[in-house]
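Residue-level structural notes
Here's the letter readout for the chains.
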Amino acid sequence: MPKVKIRKNDQVVVLAGRDRDARGKVLRVQPADGTAIVERINLVKKHTRPNPQKQVQGGVLEREAPIKLSKLMVVCPECGKPARMGRRRLEDGKGVRVCKKCSATLSS
Ligand SMILES: [Zn+2]
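Basis of the calculations
For every chain, the first residue of the written sequence is number 1, and numbering continues from 1 onward in sequence order. Only residues with pLDDT of at least 70 are given local features in this predicted model, and only at 80 or more are side-chain atom pairs given and counted; all residues enter the totals for whole chains, interfaces and linings. Each helix is a run of H or I in the DSSP string that is no shorter than four residues. Each strand is a run of E no shorter than two, and both are numbered from the N terminus. Every radius of gyration here is taken over C-alpha atoms, with the globule rule written as 2.2 Å times N^0.38, N being the number of residues. Domain ranges listed in this record stem from an automatic or a database domain assignment. Here, residues touch in the contact sense if the C-beta positions derived from the backbone fall within 7 Å of one another. The nonpolar class holds Ala, Val, Leu, Ile, Met, Phe, Trp, Tyr, Cys and Pro. Asp, Glu, Lys and Arg form the charged class, and all remaining residues, Gly among them, are polar. One bridge is not enough; two strands pair if DSSP finds at least two bridges between them. The burial criterion counts other C-beta atoms lying within 10 Å of a residue's C-beta, which is placed from the backbone; the residue is buried at 20 or more, exposed at 12 or fewer, and partly exposed between these limits.

Here we take up the overall build of the protein. If you tally the helices and strands in the protein, you get zero helices and 10 strands. For the protein, the succession of helices and strands along the chain, N to C, is β-β-β-β-β-β-β-β-β-β. For 108 residues, the compact-globule formula gives about 13 Å, and the C-alpha radius of gyration of the protein, at 17 Å, lies well above that figure. C-alpha atoms of the protein, sized along the principal axes, occupy 55 × 30 × 25 Å.

If you want it as structure tokens, here you go:
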């Protein structure tokens, strides 16, 4: 499995597909599938039937569908640019991600 450099709550930009250039926050990473759920990205319409017993209103819901991690790039919170992330190990053994543009560190 390739190393996943995208983490929950990261800002990411979409590199390819329908939502190209859109940005959003990572809600969930699913490394086993190589996908992530990103807020307001890759929305699909889901039709639901009303179910009064469960207080469900019928209609069309928009839900985020998983998007391939390879189509995403982390946006550095420091320089605000989509950037490749390097890795560095700190003295205490913790790994951090390092922005290759501005050298800011992000928690891993
Ligand atoms: Zn940066």
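A few words now on the domain arrangement of the protein. Frequently, the measure chosen for interface size is the accessible area that the parts lose on association. Segmenting the protein into domains produces domain 1 (1-75) and domain 2 (78-108). The distance between the C-alpha centroids of domain 1 and domain 2 comes to 24 Å. Contacts between the two partners involve five residues from domain 1, matched on the other side by six residues from domain 2. Taken together, the residues of the side of domain 1 that touches domain 2 break down into four nonpolar, no polar and one charged.

The strand order across the open sheet built from five strands is β6-β3-β2-β1-β7, with neighbouring strands paired in antiparallel fashion. Of all the strands in the sheet, just β6 (67-68) and β7 (72-74) have a single pairing partner and so form its edges. Taken together, the four bridges between strand β2 (residues 23-30) and strand β3 (residues 35-38) define a ladder with antiparallel strand orientation. Within β3, the residue paired with arginine 28 across the bridge is isoleucine 37.

Look at asparagine 9: it is not a glycine, yet its phi comes out positive at around 75 degrees. Here asparagine 9 is to be found in the segment before β1 (11-14). Classification of asparagine 9 as exposed rests on a count of 10 C-beta atoms within 10 Å. Despite not being glycine, serine 103 has its phi angle at roughly 65 degrees, a positive value. On the neighbour-count criterion, serine 103 (13 C-beta atoms within 10 Å) is partly exposed.

Direction of pairing for strand β8 (residues 85-89) relative to strand β9 (residues 95-99): antiparallel, over a ladder of five bridges. Note that in β9 the partner of arginine 88 across the bridge is valine 96. Hairpin geometry of β8 and β9 is characterised by an intervening segment of five residues between the two adjacent antiparallel strands and by a positive phi of about 90 degrees at glycine 93.

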